[in-house]
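Report on the structure
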Amino acid sequence: MLRREPPGAAGPLPEDDFFLPDLCAPRAVFFAVLLAELLVLVHYLADSVPGPFDWQGLGPASLFVQWCVLLSSALLCLLRPLLARLRLPLVTLAALAVVATVTAVSSGLARLAYPPMLAAVQAPGWILRNVLVAVLLAGIVLRYFYLQQQLVRQQRAGLQARLASLRSRIQPHFLFNTLNSIASLIAARPGAAESAVEDLAELLRASLREDEQETTVAEEVALCERYLAIEALRLGDRLTVEWAVDDGARGARLPTLLLQPLLENAVNHGIARLPEGGCIRVVIEARDGELRLSVVNPVPGHGPEAAGSGEQLALDNIRQRLAALYPGRHRFRAAPAGDSYAVAVRLPLGRPP
């Protein structure tokens, strides 16, 4: 029986999933400088009690610690692509070796640069102490980075499971309604029903791809047109759709099965309940760094209950999916608007995170 090794222990770590962050990033450099200075201040505050604070020693000590921290960060940043190919224990040892080497060399150079200040300090013991302190602190930081990366992995896995669950709820609901539409055609129009089954096969082939969590606006519109073609066989002239899709928005990325459930809601809770039918207006545009989608359809009567409140599965799932994919960076609004029901979605342009 084979034993499953934890991620990172059995082989190299992917660079995009590497626990050691990019230490050359401005945010990482800022926090490195800040934490190093706080460490020096804590040391001198503790060392000065009960005597006066050593302001003269604070400057050279800060310079020394900042030099060691920034130089170690720069070297680890340069070596990051190489370290990402190693196993986790080797990565840890290599990072600690870099920190120890930088500290040892810098300590030796510091004795040459400040001989009067460090004259009373024994060279081997002082350098060894600095190396041990640096390695200990570096080990704590590396452990923090590793635990943080594991937490991100768990959150990512939980998010993927949640999105898969939400998507799996949409697909059977969509399939059930589509099969009902085809069943209504079998007796009266068998040829049309056969054509609809072929369209459904193509539709499911596109919509049931579990490995594709995102698509383009053009592909989503094509998927929706297939669905509307099937519904048009059942509703006939009662169903009309007016598309207004900007050419610049057709290549924009969005989560799969985002627009189709909205159209399904518009058909089932709007057009299908109106004896005279109606027109669904779909507007998709890219503006001000956002992808904007809106679906407006007529509804029978007035008020929220007449606005197709029966099955809110599609709207609830879409709301939850967007909240998971774009936390705080999206807008979703679904509400009655007179004798119509309007749904508006705004997403940031670019690939879903």
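Keep in mind that what you see is a predicted model, and the values were worked out from it rather than measured. (Residues numbered from 1 in each chain as written. Predicted model: local features only at pLDDT ≥ 70, side-chain atom pairs only at ≥ 80, totals over all residues. Heavy atoms only, no water.)

The subject of this paragraph is the overall build of the protein chain. A count of helices and strands for the protein chain gives 8 helices and 7 strands. Looking at the protein chain as a whole, 40% of its 353 residues are labelled buried. Long-range contacts, defined as pairs at least 24 residues apart, comprise 74% of the intrachain contacts of the protein chain with a sequence gap of at least 6. (Helix = DSSP H or I, 4+ residues; strand = E, 2+ residues; numbered from the N terminus. Buried < 20%, exposed > 50% of the residue type's maximum accessible area, 1.4 Å probe, protein only. Contact = heavy atoms within 4.5 Å.)

Attention shifts here to the pattern of salt bridges. Taken as a whole, this structure holds 6 salt bridges when the rule is applied. The partner of Glu-285 in a salt bridge is Arg-287, and the shortest N-O contact between them spans 2.9 Å. Ionic pairing is found between Glu-290 and Arg-292, a salt bridge with its closest N-O pair at 3.2 Å. Judged by relative accessible area, which is 13%, Arg-292 ranks as buried. One network of salt bridges, with partners in common, ties together Asp-288, Glu-290, Arg-292 and Arg-346. (Salt bridge = Lys/Arg side-chain N within 4 Å of Asp/Glu carboxyl O.)

The subject of this paragraph is the packing of aromatic side chains. In the structure shown here, the tally under the stated rule is 2 aromatic pairs. Centroid distance Phe-30 to Phe-31: 5.5 Å. Interplanar angle 75°. Geometry classified as edge-to-face. Ring plane angle 50° and centroid distance 5.9 Å describe the contact between Tyr-144 and Phe-145, whose orientation is recorded as tilted. (Phe/Tyr/Trp six-rings, centres within 6.5 Å; stacked < 30°, edge-to-face > 60°.)

Another aspect to go through is the confidence of the model for the protein chain. Segments scoring low in pLDDT should not have their predicted coordinates read at a detailed level. Residues at a pLDDT of 70 or more form 76% of the protein chain, whose mean pLDDT is 78. A low-confidence stretch, residues 1-15 (pLDDT under 50), is modelled with 22 contacts involving residues beyond four sequence positions or located in other chains. Between residues 303-311, whose pLDDT stays under 50, and residues either more than four places distant or in other chains, the model counts 15 contacts. (pLDDT = per-residue confidence, 0-100.)

So, about a nonpolar patch on the surface. Where nonpolar side chains cluster on the molecular surface, the patch consists of Phe-30, Phe-31, Leu-34, Leu-35 and Leu-38 and spans about 480 Å² of accessible area. Here Leu-38 is to be found in helix H1 (residues 26-48). (Patch = residues over 30% accessible without salt bridge, like charges linked within 9 Å, V, L, I, M, F, W, Y side chains within 5 Å. Areas by Shrake-Rupley, 256 points an atom, 1.4 Å probe, with all protein chains shown as cover.)

A separate point is the environment of Val-102. Mapping Val-102 onto the fold places it in helix H3 (residues 88-113). Owing to a relative accessible area of 6%, Val-102 belongs among the buried residues under this scheme. Here Val-102 is in contact with Cys-68, Leu-71, Ser-72 and Leu-75, once residues within four sequence places are set aside.

Positive phi is not limited to glycine here, since Asp-288 has a value of about 55°. Within the secondary structure layout, Asp-288 lies in the loop between strand S4 (278-287) and strand S5 (290-298).

In this section: the state of the cysteines. This model, assessed by the stated rule, comprises 1 disulfide. Here Cys-24 engages in a disulfide with Cys-77; their sulfurs sit 2.0 Å apart. Between Cys-24 and Cys-77, the disulfide has an S-S torsion of -135° and is therefore left-handed. One end of the pair, Cys-24, is in the segment before H1; the other, Cys-77, is in helix H2 (residues 55-83), with 53 residues separating them in the sequence. By relative accessible area, which is 42% here, Cys-24 ends up partly exposed. (Disulfide = S-S within 2.5 Å.)

The next thing to look at is helix H6 (residues 217-235). Here H6 spans 26 Å end to end across 19 residues, near enough to the 27 Å set by a 1.5 Å rise per residue. All of the buried residues in H6 are Val-217, Glu-220, Val-221, Leu-223, Cys-224, Tyr-227, Leu-228, Ile-230, Glu-231 and Leu-235. A positive phi of about 65° marks Gly-236, the residue just after H6. (Expected span 1.5 Å × (residues − 1).)

Moving on: the sheet that holds strand S7 (residues 340-348). Through backbone hydrogen bonds, the strands of a sheet pair up, either in parallel or in antiparallel fashion. Across the sheet, 5 strands lie side by side as S2-S4-S5-S7-S6; this open sheet has mixed pairing. At either end of the open sheet lies a strand with only one pairing partner, and these are strand S2 (239-245) and strand S6 (331-337). Averaged over all adjacent pairs, the angle separating strand axes in this sheet is 10°, with direction ignored. When S6 meets S7, the two strands line up antiparallel, connected through 7 bridges. Note that in S7 the partner of Ala-334 across the bridge is Val-343. Strands S2, S4 and S5 of the sheet are contacted by H6, whose axis makes an angle of about 165° with S2. (Pairing = 2+ DSSP bridges. Axes fitted to C-alpha atoms, helices over the stretch in contact; angles between N-to-C directions.)

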